[in-house]
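# Coordinates in review
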Amino acid sequence: MPTDFDDWFVREILVHERALAQYLQRCWPHRDELHDLRQEVYARVYEAAARNRPASPQAFLFTTARHLMTDRARRGRVVSIEPVGDFEPSNVYLVDDVSPERWVGARQALKRLAEALDRLPDRCREVVWLRRVEELPQKDVARRLGISGKTVEKHLAKGMRLIADHLYGGMPPRDGEAPAWTATDEDDGDARQQAD
Amino acid sequence: MHDSRRIEQAAAEWLARRDRGDWSPYDARALEDWLCASTRHRVEFLRLQAAWREAGRLQALAAGLPGDEVPPRGAWVLGPVAHATHAHDVAAAGAATPMRARRWRHALAAGVALVATGAALWLGWQLGGRSEADYASTLGQLRTVTLADGSSAVLSSDSRLHVRMTRGERDIELLQGEAYFDVAHDAGRPFVVSADGRRAIAVGTRFSVRRDAQDVRVVVTEGKVRLDAPPGADGRATPVSLLPAGSVATAGRSGVLVRSLPVAEAERYLEWRSGFLTFDDTSLASAAAEFNRFNTRKLELADAGVGELRVGGNFRWANLDSFVKLLEMGFPVRAERLPDRIVLHAR
């Protein structure tokens, strides 16, 4: 089902999520809007790039982010000169130099994956392990752990979200701070556990 | 929950459902419809799907593990793939058991010591009933501290607090700078923050107090705070102000000016806690003073006229450079950049 273009999007755009996260976080004062901003940036990039694939995907991603923030700032209460300034591309490259986002070899990718797994809440981690690593079918996972199929599905969905956050955006939490968009309303507890 | 999170959640649910093993053409069509409904759906789905596919590499780690148990956290370093490259980690894991036991003994000893100190403190409390502590932050640093009563304080840049807890009162003296308080509820012990002769008194609430050269500013974001001052030398009592949430009170020599704002607006005065300074039609002179509270590299104004320019916006206090660059772009000013300060001249 994934098209060539979808693969391109994963390979050329999503890999920059960490840098994008830092960029948005630095420029945008409202933390609770970061998740939404990121999603809209991706949607805009996807739509524009589907029509015309940019030569430099990374620069295009950040330009889109900058424009989106400027638009929102204009609509919001902050209608001053500030948006242009802090959103300067020079900041972007600074961010990106600090954390180059390419996968650098299999070893590092594995290490990051193992970390992502170890950060999951206990039960969620078990479910992910049995399903993704041991490749037990969902219903066998349920039998093995003595939980319902629905619960297995729920843990998997949660595991997918948390692993994506860690692989793409989830920065190693610095000074005890939870990553900007892993804490959702319904799993505050897990987010805390993650930050451990 | 925001819509974006709901979408992420939905995308994860689709993936988990497709993974279930009873995926039908009907389901596939339903998913396709969902994906086509919004680009946001599609990008979120792609993102989670790519990460989940990536997670399949974990199988490489499982290869060397014994049995079919879910390995404990950290055990993956024993796997053959990692083995070659993480020899020191493996060694550490091998030593874990005795080390853990030792750590436990330490913890136990520490626990005993803690109980002893606790008892001494409790005794001291019963006899003298007071504890004292000092807290300070350096220039450019924000510091969160937990006070003995469970309240917390966020010290802004270059600020100092002296805290004295007694059985009857919680006395906090703001010696310098600004601090934001989240006060633990204790009806029997008022929480009193004094600054330059003014006292802000609360029971359980959130507010900030700040000292300037001329005045004291109190911002209340939750609950109520009473603002008073001890009687002057002439014995005349000073008026008392009761500040509800949303109040921004400035107490100077000549009296107290209270502005009542929506709470969200009052909170803008406290955005320094997340690294921002918010100005709204503020003179450049005050904006510069604000930046200077946080930075060692000072912003100076060479001409009075420059100080009267009005600025607005939301700025990172740590990013003085970009603020100055903006000023140069938007105003008739020229910046002279020196190592220890930036001087703004009229152009």
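Calculation criteria
Residues numbered from 1 in each chain as written. Chains lettered and ligands numbered in written order. Predicted model: local features only at pLDDT ≥ 70, side-chain atom pairs only at ≥ 80, totals over all residues. Heavy atoms only, no water. Helix = DSSP H or I, 4+ residues; strand = E, 2+ residues; numbered from the N terminus. Buried < 20%, exposed > 50% of the residue type's maximum accessible area, 1.4 Å probe, protein only. Areas by Shrake-Rupley, 256 points an atom, 1.4 Å probe, with all protein chains shown as cover. pLDDT = per-residue confidence, 0-100. Contact = heavy atoms within 4.5 Å. Core = buried A, V, L, I, M, F, W, Y, C linked by side-chain atoms within 4.5 Å. Axes fitted to C-alpha atoms, helices over the stretch in contact; angles between N-to-C directions. Parallel < 35°, antiparallel > 145°, perpendicular 65-115°, else oblique. Left-handed = near helix turned anticlockwise from the far one by under 90°. Nonpolar A, V, L, I, M, F, W, Y, C, P; charged D, E, K, R; others polar. 1 Å grid on protein atoms, 1.4 Å probe; cavity = no way out; pocket = protein on both sides within 12 Å on 5 of 7 lines; lining within 4 Å. Points joined across faces, edges and corners; volume = space filled by probe spheres on them. Domains from an automatic or database assignment. Pairing = 2+ DSSP bridges. Expected span 1.5 Å × (residues − 1). Polar contact = N/O pair within 3.5 Å; in protein donor to acceptor, adjacent residues only side chain to side chain. Phe/Tyr/Trp six-rings, centres within 6.5 Å; stacked < 30°, edge-to-face > 60°. Lys NZ or Arg CZ within 6 Å of the ring centre and 35° of its normal.

### Side note on the overall build of chain B
- Within chain B one finds 11 helices and 19 strands.
- The buried share of chain B, reckoned over its 347 residues, is 43%.
- Accessible area of chain B: about 17600 Å², with a carbon and sulfur share of 55%.

### Side note on unusual backbone geometry
- Phi is positive for A:Glu135, close to 55°, though the residue is something other than glycine.
- Here A:Glu135 is to be found in the loop between helix H8 (122–133) and helix H9 (138–145).
- In this model, B:Asp158 sits at a positive phi of 55°, which is unusual for a non-glycine residue.
- In this fold, B:Asp158 is placed in the loop between strand E3 (152–155) and strand E4 (160–166).

### Overview of the confidence of the model for chain A
- Model confidence for chain A is summarised by a mean pLDDT of 74, while 67% of its residues fall at 70 or above.
- Across residues 170–196 of chain A, confidence stays below pLDDT 50; counting only partners more than four residues off in sequence or on other chains, it has 52 contacts.

### So, the nonpolar core
- Among the nonpolar cores identified, the biggest contains 67 residues, and A:Phe9, A:Leu20, A:Tyr42, A:Val128, A:Ile163, B:Trp34 and B:Phe45 are the most heavily contacted of them.
- Of all the elements, helix H10 (residues 149–169) of chain A adds the most residues to this core, at nine residues.
- Membership of the second largest hydrophobic core comes to 30 residues, among which are B:Leu261, B:Ala287, B:Val311 and B:Val324.

### Describing the packing of helix H1 (residues 3–18) of chain B against helix H3 (residues 39–55) of chain B
Residues and elements named next belong to chain B.
- The contact between H1 and H3 brings their axes to 9 Å, and the two run at 55°. With respect to their mutual orientation, H1 and H3 come out oblique. Regarding H1 and H3, the two cross each other, and that crossing is right-handed. Residues Ser4, Ile7, Glu8, Ala11, Ala12, Trp14, Leu15 and Arg18 of H1 form the contact with H3, whose participating residues are Arg40, His41, Glu44, Phe45, Arg47, Leu48 and Gln49.
- Considering only residue class, the contact of H1 with H3 consists of seven nonpolar, three polar and five charged.

### Quick notes on the layout of surface pockets
All names here are of chain B.
- What the second largest pocket holds in volume is close to 730 Å³.
- If you go around the second largest pocket, you meet 24 residues; those closest to its centre are Arg217, Arg259, Tyr269, Thr278 and Thr282.
- Looking at the lining of the second largest pocket, the elements with two or more residues in it are strand E13 (247–252), strand E14 (255–260), strand E15 (276–283) and helix H9 (284–294).
- Tallying contributions element by element places E15 first for the lining of the second largest pocket, with six residues.
- Here the residues of the lining of the second largest pocket sort into nine nonpolar, four polar and 11 charged.
- A domain split of the lining of the second largest pocket shows at least three residues from each of domain 3 (132–262) and domain 4 (275–346).

### Structural notes on the pairing of E3(B)
Residue and element names in this part refer to chain B.
- Two elements, strand E2 (residues 143–146) and E3, share four bridges in a ladder whose sense is antiparallel. In the strand pairing of E3, threonine 144 is matched with valine 154.
- Here E2 folds back onto E3, and the loop between the two strands holds five residues, one of which, glycine 150, carries a positive phi near 95°.
- Pairing of E3 with strand E6 (residues 178–182) involves four bridges; the strand directions are antiparallel. For serine 152, the partnering residue across the bridge sits in E6 and is aspartate 182.

### Focus on the sheet that holds E14(B)
All names here are of chain B.
- Taken in spatial order, the seven strands line up as E2-E3-E6-E9-E10-E13-E14 in an open sheet, and their pairing is antiparallel. Two strands lie at the open edges of the sheet, namely E2 and E14, each paired on one side alone. Across the sheet, the axes of successive neighbouring strands diverge by a mean angle of 15°, strand direction being ignored.
- Of the strand pairs in this sheet, E6 and strand E9 (residues 206–211) are connected by five bridges, and their pairing is antiparallel. Note on E9: the bridge partner recorded for tyrosine 180 is serine 208.

### Section: H3(B)
- An ideal rise of 1.5 Å per residue puts 24 Å on 17 residues; H3(B) measures up with 24 Å between its terminal C-alpha atoms.
- Where H3(B) begins, one side-chain oxygen reaches toward the backbone nitrogen of B:Arg40, 3.0 Å away; that side chain belongs to B:Ser38.

### A word on the environment of B:Ser159
All names here are of chain B.
- Positionally, serine 159 belongs in the loop between E3 and E4.
- We classify serine 159 as buried; its relative accessible area is 0%.
- It is 8.3 Å that separates the C-alpha atoms of serine 159 and tyrosine 135, two residues lying 24 residues apart in sequence.
- Setting aside residues no more than four positions away along its own chain, serine 159 makes contact with Tyr135, Ala136, Ser137, Gln176, Gly177 and Glu178.
- A distance of 2.9 Å separates a polar atom in the side chain of serine 159 from the backbone oxygen of serine 156.
- Reaching out from serine 159, the side chain makes a polar contact with the backbone nitrogen of glutamate 178 at a distance of 3.0 Å.

### Description of the packing of aromatic side chains
- The tally for this structure, following the rule as stated, stands at 14 aromatic pairs over all chains.
- Aromatic side chains B:Trp14 and B:Trp23 sit 6.3 Å apart centroid to centroid with 85° between the ring planes, which places their arrangement in the edge-to-face category.
- For B:Trp14, a relative accessible area of 12% translates into the label buried.
- Accessibility expressed as a relative area gives 27% for B:Trp23, which makes it partly exposed.
- Counting every residue linked through ring pairs, the aromatic cluster contains A:Phe5, A:Trp8, A:Phe9, A:Tyr42 and A:Tyr46.
- Across the ring face of B:Tyr180, the terminal group of B:Arg273 is positioned such that the distance to the ring centre comes to 3.9 Å.

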